[in-house]
Amino acid sequence: MTNTFGYTGKILRVDLTTGKIWTDDTMKYKDFIGGEGMSMKIMWDEVPAGTHPFSPENKIIFGSGPLCGTGVPCSGRTNITSLLPSNPDHSVSSSHMGGYFSVEMKYAGWDLIVVEGKSAKPVWLRIEDDKVWLEDGRWVWGKGMFDAMAMISSQMGKEAQIAMIGPAGENQLNLSVIRTGASHSAGGHGGVMGSKNLKAIAIKGTGSVKVAARPEELMALDKYMMTIIGANNQHVVPRFPHPWAEYTASGSRWTAKKGLYWGAANPPVETGECYPEDMQSVGLRTHKGFQDLGAVAEKYTVSMGGCAHCPIRCHSQVRIPQLEERYGIDPNVSNTCVGYSGPNGIMFKGTPDLPGQEKGEQSMISKTLGSHLADDYGVWCNYGQMGRDLNWTYTHGILKKVLPADEYASISWDLLEKGDPAFLIDFYDRVANKKGELWHIADGSYWIDKRWNLGEEYWAYDKNKLWSKLGYPVHHANESQSQVGALVSCFSNRDAQNHSHSNFGAAGVPLELLKQVAAEEFGTPDAIDGPMDYTPMNQGKANFVKWALTRTMLHNSLTLCNWMWPMAFSPLKSRNYRGDTALEAKFYSLVTGIPMTKEDLDRAATRTFTLFRALTIRSMGTADMRNKHDQTTSWVITATKDKNGKEIPQFTKGTDRMTQEDMEKGRGLVYKAFGWDEKTGAPTKATLEALGMPEVAAELAAKGLLPA
Amino acid sequence: MSDQASPVTAYVEVIREASHATKLTALSELACNEQDLAGMEVLLSAQAEDDIKLMRGSRDLYYFSDKYMTSAYALHLFRVAEKDPARMIADTVRDESRIYPRPTPIASFLEAPFRMSKAALDGVLWQISQRNDMEDIKSTTASDGSIYLYSNEYLSAAHADSLAEWEAVGKVENP
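Residues numbered from 1 in each chain as written. Chains lettered and ligands numbered in written order. Predicted model: local features only at pLDDT ≥ 70, side-chain atom pairs only at ≥ 80, totals over all residues. Heavy atoms only, no water.

It is not clear to me how the overall build of chain B should be interpreted in this structure. Could you clarify?
The number of helices and strands found in chain B is seven helices and six strands. Here chain B has a C-alpha radius of gyration of 20 Å; the compact-globule value for 175 residues is 16 Å, and the former is much larger. With the C-alpha coordinates of chain B rotated into their principal frame, the extents come out at 70 × 35 × 25 Å. Within chain B, counting contacts between residues at least 6 apart in sequence, those at least 24 apart form 51% of the total. Accessible surface for chain B amounts to roughly 9,000 Å². Of this, 51% is attributable to carbon and sulfur atoms. Here chain B contributes 17 positive and 28 negative side-chain charges, whose respective centroids are spaced 2 Å apart. (Helix = DSSP H or I, 4+ residues; strand = E, 2+ residues; numbered from the N terminus. Rg over C-alpha atoms; globule rule 2.2 N^0.38 Å. Contact = heavy atoms within 4.5 Å. Areas by Shrake-Rupley, 256 points an atom, 1.4 Å probe, with all protein chains shown as cover. Lys, Arg positive; Asp, Glu negative; His and termini not counted. Charge placed at Lys NZ, Arg CZ, Asp CG, Glu CD.)

Would you take a moment to explain the overall build of chain A for this structure?
Along its length, chain A carries 27 helices and 21 strands. The C-alpha atoms of chain A give 24 Å as radius of gyration, which agrees with the globular expectation for 708 residues (27 Å, within 12%). With the C-alpha coordinates aligned to their principal axes, the bounding extent of chain A is approximately 65 × 65 × 55 Å. Taken across its 708 residues, chain A has 67% of its residues classed as buried. Contacts spanning at least 24 positions in sequence make up 65% of the contacts within chain A whose residues lie at least 6 apart. Element-wise, carbon and sulfur atoms account for 51% of the exposed surface of chain A, whose accessible area totals about 23,200 Å². (Buried < 20%, exposed > 50% of the residue type's maximum accessible area, 1.4 Å probe, protein only.)

What should I look at first to understand the domain arrangement of chain A in this one?
Think of interface size as the accessible area that goes away when the parts come together; that is how it is often given. Residues and elements named next belong to chain A. Domain annotation of chain A identifies domain 1 (10–204), domain 2 (239–453) and domain 3 (475–702). A straight line from the C-alpha centre of domain 1 to that of domain 3 covers 28 Å. Between domain 1 and domain 3, the contact holds 37 residues from the first and 36 residues from the second. When the area that domain 1 buries against domain 3 is broken down by residue, the three leading residues are Ile33, Trp44 and Leu67, summing to 26%. There are one salt bridge connecting domain 1 and domain 3. The partner of Lys41 in a salt bridge is Glu695, with the nearest N and O atoms 2.5 Å apart. Among the secondary structure elements, those contributing two or more residues to the side of domain 1 that touches domain 3 are helix 1 (35–46) and strand 5 (92–97). Of the residues belonging to the side of domain 1 that touches domain 3, the class tally is 16 nonpolar, 16 polar and five charged. (Domains from an automatic or database assignment. Buried area = accessible area lost by both parts, 1.4 Å probe. Salt bridge = Lys/Arg side-chain N within 4 Å of Asp/Glu carboxyl O. Nonpolar A, V, L, I, M, F, W, Y, C, P; charged D, E, K, R; others polar.)

Help me understand the pattern of salt bridges, please; the structure alone is not making it clear to me.
A side chain of one charge can pair with a side chain of the opposite charge when the charged atoms of the two come close. Applying the stated criterion to the full structure yields 56 salt bridges over all chains. Here Lys30 of chain A and Asp31 of chain A are joined by a salt bridge, their closest N and O atoms 3.9 Å apart. We classify Lys30 of chain A as partly exposed; its relative accessible area is 43%. Classification of Asp31 of chain A by relative accessible area gives partly exposed; the value is 41%. Between Lys288 of chain A and Asp292 of chain A there is a salt bridge, and its shortest N-O distance comes to 3.1 Å. Residue Lys288 of chain A and its partner Asp292 of chain A are located together in helix 7 (residues 288–293), separated by four residues, close to a single helical turn. By sharing partners, the salt bridges in this structure join Asp84, Arg87, Asp91, Arg94, Arg131, Asp133 and Asp136 of chain B into a single network.

Looking at this structure, I do not really get the interface of chain A and chain B. What am I missing?
Across the boundary between the two partners, chain A contributes 32 residues, which contact 30 residues of chain B. Summing the contributions of chain A and of chain B, the shared interface buries around 2,400 Å²; its carbon and sulfur component is 55%. It is Pro241, Pro243 and Lys643 of chain A in chain A that bury the most area against chain B; as a group they hold 22% of the surface buried on that side. The interface formed by chain A and chain B contains 15 residue pairs in polar contact (both at pLDDT 80 or more). Residues of the side of chain A that touches chain B, tallied by class, amount to 15 nonpolar, eight polar and nine charged. (Polar contact = N/O pair within 3.5 Å; in protein donor to acceptor, adjacent residues only side chain to side chain.)

Just checking my understanding: could you explain the domain arrangement of chain B for this structure?
All names here are of chain B. The domains assigned to chain B are domain 1 (7–77) and domain 2 (84–173). Contact residues are listed per partner, giving four residues for domain 1 and four residues for domain 2. Across the domain 1/domain 2 interface, buried area totals approximately 300 Å², and carbon plus sulfur atoms make up 75% of it. Looking at the side of domain 1 facing domain 2, the largest losses of area belong to Tyr73, Leu75 and His76, adding up to 90% of the total buried there. At the junction of domain 1 with domain 2, the criterion picks out zero residue pairs in polar contact (both at pLDDT 80 or more). Broken down by class, the residue content of the side of domain 1 that touches domain 2 amounts to three nonpolar, one polar and no charged.

What is the right way to look at the sheet that holds strand 1 (residues 25–26) of chain B in this model?
Hydrogen bonds along the backbone pair up the strands of a sheet, which may run parallel or antiparallel. Residues and elements named next belong to chain B. On the basis of which strands lie adjacent, the open sheet formed by three strands has the order 1-3-2 and antiparallel pairing. Since the sheet does not close on itself, it has two edges, and those belong to strand 1 and strand 2 (52–56), each with one partner. The pairing of strand 2 with strand 3 (residues 61–65) spans five bridges and is antiparallel. Paired with Lys53 across the strands is Phe64, a residue of strand 3. Relative to the sheet, helix 3 (residues 34–46) contacts strand 2 and strand 3, its axis offset from that of strand 2 by approximately 115°. (Pairing = 2+ DSSP bridges. Axes fitted to C-alpha atoms, helices over the stretch in contact; angles between N-to-C directions.)

Please explain the environment of Thr286 of chain A as it appears in this structure.
Residues and elements named next belong to chain A. With respect to the element layout, Thr286 can be found in the loop between strand 14 (269–270) and helix 7. Judged by relative accessible area, Thr286 falls into the buried class, the value being 2%. Put simply, Thr286 and Gly675 are 389 residues apart on the chain and 40 Å apart in space, counted from C-alpha to C-alpha. Beyond its immediate stretch of four places on either side in the chain, Thr286 contacts Ala231, Asn232, Arg253, Thr255, Met304, Ile312 and Arg313. A polar contact is formed between the side chain of Thr286 and the backbone oxygen of Arg253, at a distance of 2.9 Å.

Any chance you could explain the sheet that holds strand 6 (residues 147–151) of chain B here in plain terms?
Residue and element names in this part refer to chain B. What the three strands build is an open sheet, ordered 4-6-5; its pairing is antiparallel. With one partner strand each, in any of the chains shown, strand 4 (104–105) and strand 5 (137–141) form the two edges of the open sheet. Sheet topology note: the strand 5/strand 6 ladder contains five bridges and is antiparallel. By the bridge assignment, Ser139 is partnered in strand 6 with Leu149. The sheet contacts of helix 7 (residues 157–173) involve strand 5 and strand 6, and relative to strand 6 the element is tilted by about 145°.

Looking at this model, I keep getting lost on the packing of aromatic side chains. Mind explaining?
Within a pair of aromatic rings, the relevant descriptors are the distance that separates the centres and the angle that separates the planes. Residue and element names in this part refer to chain A. In this structure the tally under the stated criterion is 33 aromatic pairs over all chains. Arranged with centres 6.2 Å apart and planes meeting at 80°, the rings of Trp467 and Trp635 form a pair that is edge-to-face. Taken together, the residues Trp467 in strand 18 (residues 466–468) and Trp635 in the loop between helix 24 (625–628) and strand 20 (640–641) connect sequence positions 168 residues apart. When the ring of Trp565 is compared with that of Phe587, the centres are 6.2 Å apart and the planes differ by 75°; the resulting orientation is edge-to-face. (Phe/Tyr/Trp six-rings, centres within 6.5 Å; stacked < 30°, edge-to-face > 60°.)

How should I be thinking about the pairing of strand 5 of chain A in this particular structure?
Moving residue by residue along a regular strand, the side chains alternate between the two faces of the sheet. Residues and elements named next belong to chain A. Of all six residues making up strand 5, six are buried, and the element is well covered by its neighbours. In this structure, strand 4 (residues 78–83) lies alongside strand 5, joined through six bridges in antiparallel fashion. Residue pairing across strands places Leu83 opposite Val92, the latter belonging to strand 5.

Please explain the side chain of Gln234 of chain A as it appears in this structure.
Residues and elements named next belong to chain A. Within the element layout of this structure, Gln234 appears in the loop between helix 6 (215–225) and strand 13 (261–262). A polar side-chain atom of Gln234 sits 2.9 Å from the main-chain carbonyl oxygen of Ile228. Non-local contacts of Gln234, meaning those with residues more than four positions away in its chain, are made with Ile228, Ile229, Asn503, Ala507, Trp563, Met564, Pro566, Met567 and Phe569.

Right, here's the structure in full:
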């Protein structure tokens, strides 16, 4: 085994069919950096096209990266890569979770965990440093995740970190999650673990990660980063006026202010002014109870939680006594963002406050109840799409048509109609436990349409927010930096989960400053437009798209949190609000001892993203990515109307809609930026070979999948 | 040289302390005599204490130290101190429409440092709609009922409508 820094040097391999457990060398994959990159290479090498996600031949890979477990800020992410059940072609995709799991992997001595095969009976994988074995999982199979995690923790100790599925994953729902900790969920691959009869992976590690640099060098870079880091989503401008702040931004997640408290803490904690360089108050900058659950949640907020080695605490931890009083469930809930709003989207008729309730109280109860249920059953909302799909199929009478009459009649639609969150209890039970026909709402949009024949109107309706006919929704698309977000969203096999571009545009500084930094990074200020004031496609935007795609791949490989990184802006006027987009390379070089510039890392990420593209081509069986993969649904390229019903032409103020012609131009520019074939969007033989992947070129050529 | 600090030096410290406490210092609070005032003018023009800044209002002169607050924040305090809430809102809205550019949620004037009551805000919004010198200030309402103001010198109606909808609804739906 090679002596390594940053990396542990070892990959854990587990075959559940045979029970064989062995070790592989990480460093043979080092060109792919770590996490997602290495996982893509393993999937390319070992999982042939046509494999079903739920077959034993599929593999599921838990990946950490070289920066994970080293103390680099915001480095607690776990990358999970496998075939994606909800994708029409079962293409490879990745899901991600925060928490402490990947750090514990590193402390136990493992860079990646690769699981294949299928156990004859339910098991869970137990890892205590280099001791690895399979435990009988029948006693936790069928349990909700809160109970099952407690049961396994009782065996291993509370310091163990556990990645687990709930009944939804066990029952192989396409839309199911893998969860770690109280609230960190990776959506999409829960069913793959279920298909392998693998309930959980539980890890205890007592080691550490070796770092090449002297400790004070790493500490100095950490301290430097504290002059750059902002709040959640790297918002560097506060929402409310502060004496230290030159700017404000109404959507900023830097929500701290005098008089805003973690109200249920004992004693209550005031978030306060949070001066940018004050390391003691970094964790107070973002109040996610207030942000996600509304002002009413302030007095129910106990604290903010988050991930290993992250000073930004973005998971609210709230205590809602009403949950225990009304529904008999644990009043302690933790989650963030779509972890709350996604399940609450099931209540699409709204949740009006009842007499005697505070403003927003019923919504808060609905969000926290839904969060608890989704996290216990392990149901994925497909970035909020499940609620919109339920809305469409209910409102258009489809459910009444496709559900057996007795099943339809047995559902308490009256609770949904009047906004009673109790509807969620019955809904999640039916879906997670595959009862009747309704559970197919968790097949994912593409498969729902196939089964229930939703028709073109379903895809074309803008409020359904479906981005691609591959069945995934908007996740920072055209509304986020015009063509940049739109094109970023075209290269995915699921919701794009890309925050490199969205955080850049939402930093909070005025447009003029955004344009200055865009010019420095992408060659022209025209790479970025103001919101709802878009201009036609240009080369700068194509550069921005490539940067966003490759940076996100890089973060998922290192593994850094792309909900925070890259650090393009700083809250400090003394830095002229400039961040440092070479920080990833600086940390990588210090930690691993392998000198890398940001251009070196960008090239490595380009290699990995190109391999991801090749994987998609192989699974779809066509090189024509432009027409078969990268297209949007029709609403995206249809002019919208103003309040008075008057059409707003594209590229005039007041609309974020695209045109087909402009998007086609954009696709071509991005393909060219990657060195791919401009007609098809497929990597060329020359590009694959230049990136050091001749074997990929050879296999695609043999299958007739290289562009002419 | 005297061991005692000059009155001007003492005023500078008063200004800094007030700024540290997030307050402007009005000239009227300093009880300057004419000689002191001249000294302050000299001090500012010579930039001997270059953190001390002056804003000239219709009611008073206001000092602050930019060691402790930004000019932007001081401008908010200045507009509050001038006690013309209609002008405070109109000028703040104009700034935001010009700088970012974006419409301004009226709810922001309920927050510090403005701290208007809802009733007072409603009254001032009516005043703005009647004032000839504020004809450029327009309002738009997002689909969730949130009201925003903008200056049509910097934002068109269609642009302001869409930005308000994005701020109030779009960002919530696209977290």
